[in-house]
Amino acid sequence: SFYCGGQFPPDYLEKIPKPMDYGTVTSNLIEGRYTTFNEFEADCKLVLDNCITYYGGQPDSKMFTDQANRLKTVLQQQLDALTRY
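Presented here is an overview of the structure given in this document. Everything numeric in this text was worked out from a predicted model, so none of it was measured.

Basis of the calculations
- Residues numbered from 1 in each chain as written.
- Predicted model: local features only at pLDDT ≥ 70, side-chain atom pairs only at ≥ 80, totals over all residues.
- Heavy atoms only, no water.
- Core = buried A, V, L, I, M, F, W, Y, C linked by side-chain atoms within 4.5 Å.
- Buried < 20%, exposed > 50% of the residue type's maximum accessible area, 1.4 Å probe, protein only.
- Helix = DSSP H or I, 4+ residues; strand = E, 2+ residues; numbered from the N terminus.
- Contact = heavy atoms within 4.5 Å.
- Phe/Tyr/Trp six-rings, centres within 6.5 Å; stacked < 30°, edge-to-face > 60°.
- Lys NZ or Arg CZ within 6 Å of the ring centre and 35° of its normal.
- Expected span 1.5 Å × (residues − 1).
- Arc of directions from axis to C-beta.

1. Description of the nonpolar core
Part 1: In this structure, Met20, Val25, Phe40, Cys44, Tyr54 and Leu75 are the most contacted members of the largest nonpolar core, which totals 16 residues.
Part 2: Taken together, the elements giving at least two residues each to this core come down to α3 (37–55) and α4 (62–83).
Part 3: At eight residues, α3 tops the list of elements feeding residues into this core.
Part 4: Met20 has contacts with Val25, Asp43, Leu46, Val47 and Asn50, leaving out every residue within four places of it along the chain.

Given below as structure tokens:
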């Protein structure tokens, strides 16, 4: 994982069963690990879903979850554009 150099917060893996980050997504793309667009799409969305799940309900977490939700909207627009090709 590229998350903070591979070091997760102590409770992260208790809340997040499948960690994912965009460094790993990039690595997976470069190494040809995705065999379908849907696999790539799922990992991209998982990064943001994990953020919302981990930070949701924590004190002072609104900025993280709000930003993740905004990014989800933009991500979906970009993914939709890719599927047109």
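2. Considering the environment of Ala42
Part 1: Secondary-structure assignment places Ala42 in helix α3.
Part 2: Residues Ala42 and Gly23 lie 19 residues apart in sequence; the distance between their C-alpha atoms is 15 Å.

3. Here's the deal with the packing of aromatic side chains
Part 1: The full count for this structure, using the stated rule, is six aromatic pairs.
Part 2: Between Tyr12 and Tyr54, the ring centres sit 5.0 Å apart and the planes meet at 50°, which makes this aromatic pair tilted. With a gap of 42 residues between them, Tyr12 in helix α1 (residues 12–15) and Tyr54 in helix α3 connect regions that are remote in the sequence.
Part 3: Their ring planes at 55° and their centres at 6.0 Å tell us that Phe37 and Phe40 sit as a pair that is tilted. With Phe37 and Phe40 both in helix α3, this residue pair falls three residues apart, about one helical turn.
Part 4: For Phe37, a relative accessible area of 29% gives the class partly exposed.
Part 5: Cluster of aromatic residues (ring-pair linked, three or more members): Phe8, Tyr12, Tyr54, Tyr55 and Phe64.
Part 6: The ring of Tyr54 has Lys15 lying over it, and the distance from NZ or CZ to the ring centre is 5.0 Å.

4. A word on α4
Part 1: Here α4 spans 31 Å end to end across 22 residues, near enough to the 32 Å set by a 1.5 Å rise per residue.
Part 2: Taken residue by residue, α4 has Thr65, Ala68, Leu75 and Leu79 as its buried positions. All buried residues of α4 project into a common sector of 75° when viewed along the axis, lining one side. Opposite the packed face of α4, turned more than 90 degrees from it, sit the exposed residues Lys62 and Met63.
Part 3: Elements in contact with the buried residues of α4: α2 (22–30) and α3.

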